[in-house]
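In case you want the letters, here they are:
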Amino acid sequence: MLCFVVSVLTIQVLLGAASPLESSKAPKGCLRLSTDEDFPSAEAWKSALPTVIKNNNTVNVGPDYRIQVKSASDVEKAIKFAKDSNVRLSIITSGHDALARSTAASGLLIDLSLLKGIKVHESFTPTTQGEASVLGQKANVIVPKDGIQAAVTFGAGTTADTLYNALHPSKLFPMTAGHGEVSVAGGWGQFGGHGAFTHLFGLGVDQWLEAKVVTAEGLKIANKLVNPDLFWAIRGGGGGTFGVVVEATMKVYPDAPITGFNWWINATAPTTPEGKKQFEAATAYVLSQLPELHNKGIGGPTYAVAGHALRGFTMHYGNESGTVKANAAWKPVLDKLETLPGMTKFQTRPYNFKNFKEFYDTTFGMEDEMMKKVKRDLFKRHGPGAAGSMPKNYGLAAMDTHLLGADHLKSPKLMEQLSKQGNSWIMIMAAPRPGVGDIEETSVNPSWRKAVVHYVGMGLPSTVRTVAPEMGAYGNEATNIEPNWQEAFWGSNYKKLVDIKTKYDPDHLFWVSPGVKADYMSVQNGRLCKVSSPPAVKATDTAPITDNVTPAQVSVLIERFGKNELIGGFPAPGKYVGLQS
Ligand SMILES: Cc1cc2nc3c(=O)[nH]c(=O)nc-3n(C[C@H](O)[C@H](O)[C@H](O)COP(=O)(O)OP(=O)(O)OC[C@H]3O[C@@H](n4cnc5c(N)ncnc54)[C@H](O)[C@@H]3O)c2cc1C
């Protein structure tokens, strides 16, 4: 707690040092702050947006106003007011974004958490006029037809747990994040989105059939037939960038029995140099086996705990479920593992569930307390309800991520780099299996399609990325100091995303960093300003520093740069941060 308070104070000091606290007008090309004399008055806010709430935040540390919208037309009015008043705009649904992209340091926050309503479809065919709004609608129950793709239309405020509970009576389930409070159509569904069965049914971006999006120009239907470029862009380009998605239609899947399979094995002498070497050899062996398991239709995390234990938790669906099949899938690998020098006997524990709801409600049957916490409550409540209180509203943790394919998992170079991480890391078999997903129809980094695992570490960017320089990183669980960020998050899709962003949001009304065209704006003395010409991006560049960083991010930056070298609290946009060696 104390540590947290110190972090918040640090931010306020750092930002405060650069804040123009005296009254002024916004310089040309810059957005207004509440300290500007021409900032809209409280009466102007209330008259344009009667339900708007004033946030009592310190200047430059949070949005000035927040509105909980209930319709697409509320969103249109809020966007128009922010645009006409030249104030910063941000969008929040669940507030889980660890890079603090769902709030800004000033302006208006549009809160989508009340956009609720669900309609289940036996099948869905997109039309040019789009599905009628389902906002306020109670979920119906259907009988899915064999071989016909069922779908669901839902309001953007719908979280993972609301959606799977609503689909359960229809014997269907959705792709969602593992954490039940993450929204489905927001950051998760727009920047990738992995979940329990993405290896079988694709990423969040693969699930879309239609979206209703309020862009800077107004409400638009986006599907294969109408505004297909916008539709492609929100399927991977990231949240908070192209407009506000108010409703989504996504694919859903037949319920089936599921097995959650836990296994673990310890090193006998991890603290001795010989024991460490043996543990690393055993780890390298397990990693080399993941591509084959993934190909067989198994997904889930394998992780190392502080260099003394290897653990795994995998999910087995439908025909692959059941204790016998789960044991059979892992037994050859685990049998071999325990014969390797320096390893103890392995243990396993399977949990069998009748359906997806039972599986999700019981934390997937995970044995490990740490992993359960991540799934259930470690980061609990940092969402809409907390928008007026900054501590809860800040981001969460300094994470690091990189996608790795079969060759990388089999390369001896991988263990060399993992060894530098203190042997605590997670490799999640979350990438779709080869051929799974709407590959060409999405704008997510194409390296997801060659990946087997999504590596997750904590803290500074690790040298694991040097093992797979051609692969990308997952922008929702990334470090905000990812080198070569445009390439890392979107690969060859970046250029087309820039063109679509320019078409739908020429004035940069929507801005998040990292985000498409983030380098067309920069934070100057605590306010967001257009840059006259964006710098040519070099392989060493990092995304522009956002105007609402997290305490965890600040501490990472301080660790790297030292307090005195930070400019206005942060390194100059684009300055190379370097890799942890
Ligand atoms: C505890 C926890 C567990 C997680 N588990 C997983 C996981 O299993 N798999 C996974 O892939 N990721 C996971 N994540 C990461 C998660 O995908 C991201 O945090 C994601 O950004 C959350 O999206 P959100 O809309 O719920 O959050 P928010 O913070 O509300 O929004 C995230 C971003 O999307 C924008 N946005 C939100 N809603 C909309 C909208 N309707 N239209 C346009 N822009 C919008 C926001 O402006 C922001 O930029 C997890 C995160 C946490 C904290």
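Residues numbered from 1 in each chain as written. Predicted model: local features only at pLDDT ≥ 70, side-chain atom pairs only at ≥ 80, totals over all residues. Heavy atoms only, no water.

1. Remarks on the site of the ligand
Note the cut-off: To be near a molecule or strand, a residue needs just one of its heavy atoms within 4 Å of it. Identification of polar contacts relies on pairs of N or O atoms within 3.5 Å, with a donor-acceptor requirement for protein atoms, meaning one able to donate a hydrogen and the other able to accept it, and with residues adjacent in sequence counted only if both atoms are side-chain atoms. Per-residue and other accessible areas were derived by the Shrake-Rupley procedure at a 1.4 Å probe size, with only the shown protein chains allowed to occlude residues. Strands here mean DSSP runs of E at least two residues long; helices mean DSSP runs of H or I at least four residues long; both are numbered from the N terminus.
Neighbouring residues of the ligand: 34 residues in total, closest Ile-91, Thr-93, Ser-94, Ser-102 and Tyr-474. Between the ligand and Gly-187 there is a distance of 2.9 Å, counted from an oxygen atom to a backbone nitrogen or oxygen. Interatomic distance of 2.7 Å between a backbone N/O atom of His-194 and a nitrogen atom of the ligand. Burial of the ligand by the protein amounts to 96% of the accessible area it has alone, namely 940 Å². Those elements giving two or more residues to the shell around the ligand turn out to be β3 (89–92), α5 (187–190) and β10 (244–254). Residue contributions to the shell around the ligand peak at three residues, all from α5.

2. Remarks on the confidence of the model for the protein
Just so we agree on the cut-off: Residue-level confidence of the predictor is what pLDDT reports, using numbers from 0 through 100. We call two residues in contact when some of their heavy atoms are within 4.5 Å.
Per-residue pLDDT for the protein has a mean of 85; in total, 83% of the residues score no lower than 70. Counted against residues more than four places away or in other chains, residues 1–21, with its pLDDT under 50, gives 32 contacts. Contacts from residues 377–396, a stretch scored under 50 in pLDDT, to residues over four places away or in other chains number 53 contacts.

3. Looking at the nonpolar core
Rules: To form a nonpolar core, buried Ala, Val, Leu, Ile, Met, Phe, Trp, Tyr and Cys residues must be joined to one another through side-chain atoms within 4.5 Å. Exposed residues in this analysis have more than 50% of their type's maximum accessible area, buried residues have under 20%, and partly exposed residues fall in between, with area computed by a 1.4 Å probe over protein chains only.
Of all hydrophobic cores here, the largest spans 114 residues; its most connected members are Phe-197 and Met-427. Sort the elements by how many residues they give to this core and helix α8 (residues 273–295) lands first, with seven residues. Those residues in contact with Phe-197, other than ones at most four positions away along the chain, are Phe-173, Met-175, Gly-202, Ile-258, Met-315, His-316, Tyr-317, Phe-356 and Phe-359.

4. What about the side chain of Asn-223?
Examined against the element boundaries, Asn-223 turns out to sit in the loop between β9 (218–222) and α7 (228–234). A relative accessible area of 0% means that Asn-223 is categorised as buried. Engagement of the side chain of Asn-223 in a polar contact is seen with the backbone oxygen of Thr-127, the distance being 2.8 Å. Within polar-contact distance, the side chain of Asn-223 engages the backbone nitrogen of Leu-225 at 2.7 Å. Once residues lying within four places of it in the same chain are set aside, the contact partners of Asn-223 are Pro-126, Thr-127, Leu-209, Glu-210, Pro-228 and Phe-231.

5. Section: the pattern of salt bridges
Stated formally: One side-chain nitrogen of Lys or Arg within 4 Å of one carboxyl oxygen of Asp or Glu is enough to make a salt bridge.
By the definition in use, this model includes 23 salt bridges. Here Asp-84 makes a salt bridge to Lys-80, at a shortest N to O gap of 2.6 Å. Of this pair, Asp-84 and Lys-80 both sit in helix α3 (residues 72–85), four residues apart, which is roughly one turn of that helix. Exposure class is identical for Asp-84 and Lys-80. Each is exposed. Between Asp-361 and Lys-357 there is a salt bridge, and its shortest N-O distance comes to 2.8 Å. Of this pair, Asp-361 and Lys-357 both sit in helix α10 (residues 356–361), four residues apart, roughly one helical turn. A relative accessible area of 39% places Asp-361 in the partly exposed class.

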